[in-house]
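# Structural characterization, general
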Amino acid sequence: AYSSHLVLSLQSAFRYRPEIPLVVPEINGAETKKSKLIANPNCTTAIGLMALWPLIKKFGMKRCIIATYQASSGAGQPGMDELTQGTRDYLDGNKVTNKIFAHPLPFNVIPQIDKFQENGYTKEEMKVTWEIRKICGLVDDLPISCSAVRIPTIRAHSEVIVMETEKPVDVAEARKVLVSCSSRL
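Please read all numbers here as calculations on a predicted model, not as lab measurements.

Rules used in this analysis
- Residues numbered from 1 in each chain as written.
- Predicted model: local features only at pLDDT ≥ 70, side-chain atom pairs only at ≥ 80, totals over all residues.
- Heavy atoms only, no water.
- Phe/Tyr/Trp six-rings, centres within 6.5 Å; stacked < 30°, edge-to-face > 60°.
- Helix = DSSP H or I, 4+ residues; strand = E, 2+ residues; numbered from the N terminus.
- Buried < 20%, exposed > 50% of the residue type's maximum accessible area, 1.4 Å probe, protein only.
- Core = buried A, V, L, I, M, F, W, Y, C linked by side-chain atoms within 4.5 Å.
- Contact = heavy atoms within 4.5 Å.
- Pairing = 2+ DSSP bridges.
- Axes fitted to C-alpha atoms, helices over the stretch in contact; angles between N-to-C directions.

## Describing the packing of aromatic side chains
Counted under the stated rule, the structure contains two aromatic pairs. Judged by centre distance (5.2 Å) and plane angle (70°), the ring pair of Tyr16 and Trp130 falls under edge-to-face. On the criterion of sequence distance, the pair formed by Tyr16 in the loop between strand S1 (7–9) and helix H1 (25–28) and Trp130 in helix H4 (residues 123–136) is long-range, its members being 114 residues apart. The class of Tyr16 is partly exposed, set by a relative accessible area of 32%. Residue Trp130 is classed as partly exposed on the basis of its relative accessible area of 32%.

As C-alpha cells, this is what we get:
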C-alpha cells in the first residue's frame, strides 16, 4: 500500500541530489510538499542560514565568506571521547594520540574537517557552500567561501559570517529584520 508518510534523511547521501529537497523548515519548508523524501542539511549550514536567510530575503546576497569553529561533538561521541581522553593524557604528561581528528585536538585548533577536495577546500567547507545555494535557491556559481576549523570544546559550534549584499543595507533595518525573525523561533 502507498504511504503518505514523509521520510527525513539525516545522512548526507541525499543532500545534493537535485530531485530531493534539502530543507530548513523556517526557510524552505514548502519544499517538503514536493517529495516524500527530504534531506536535512549539515549542522553548520542550518545554524548560519538562520541568521543569513532573513538578510538574504531583504537585501540579496552578492557573495559570502564564512568561518566555522566546530566542537568535537561534530565528530559524534567518538570525537568527544578523543578530546576528553587526549586532554587527560596531555595534562598527565602522556603522549596524546588521535584517530578521529587529523591532528591531536587538546589545546589545539585544526583548520581541517573532513578530506580535502580537488579545489583545495575540505568536504566540510564545500557542504556549507553547496547547501546554502540549494536551500536558498541561489545560482550555482554564487561566490561563497567557507573555512572550517575544529576547536577543542566538547559542544557548541560558532560561526563568523561576512556577506556582501546586492542592495545597500541600513543597519537599523537589518537589526529589525533579525529581531523579527528571532522572535518567531
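On we go from here.
## Considerations on the nonpolar core
Core analysis: the biggest nonpolar cluster contains 19 residues, and Leu49, Ile66 and Ile132 have the highest contact counts within it. Listed by contribution, the elements that provide at least two residues to this core are helix H2 (43–59), strand S3 (63–70), H4 and strand S4 (144–150). Setting aside residues up to four positions removed in sequence, Ile132 forms contacts with Thr45, Leu49, Leu52, Met61, Ile66, Leu138 and Ile144.

## A few points about the sheet that holds S4
In spatial order, the strands read S4-S3-S5; together these three strands make up an open sheet with mixed pairing. Either end of the sheet is taken by a strand with one partner, and the two such strands are S4 and strand S5 (158–164). With strand direction ignored, the average angle separating the axes of adjacent strands in the sheet is 5°. In terms of strand pairing, S3 meets S4 through seven bridges, oriented parallel. Considered in S4, the bridge of Cys64 is made with Ile144. Contacting S3 and S5, H2 runs over the sheet at an angle of about 35° to S5. In the packing of H4 onto the sheet, contacts are made with S3 and S4, and the angle to S4 comes to roughly 140°.

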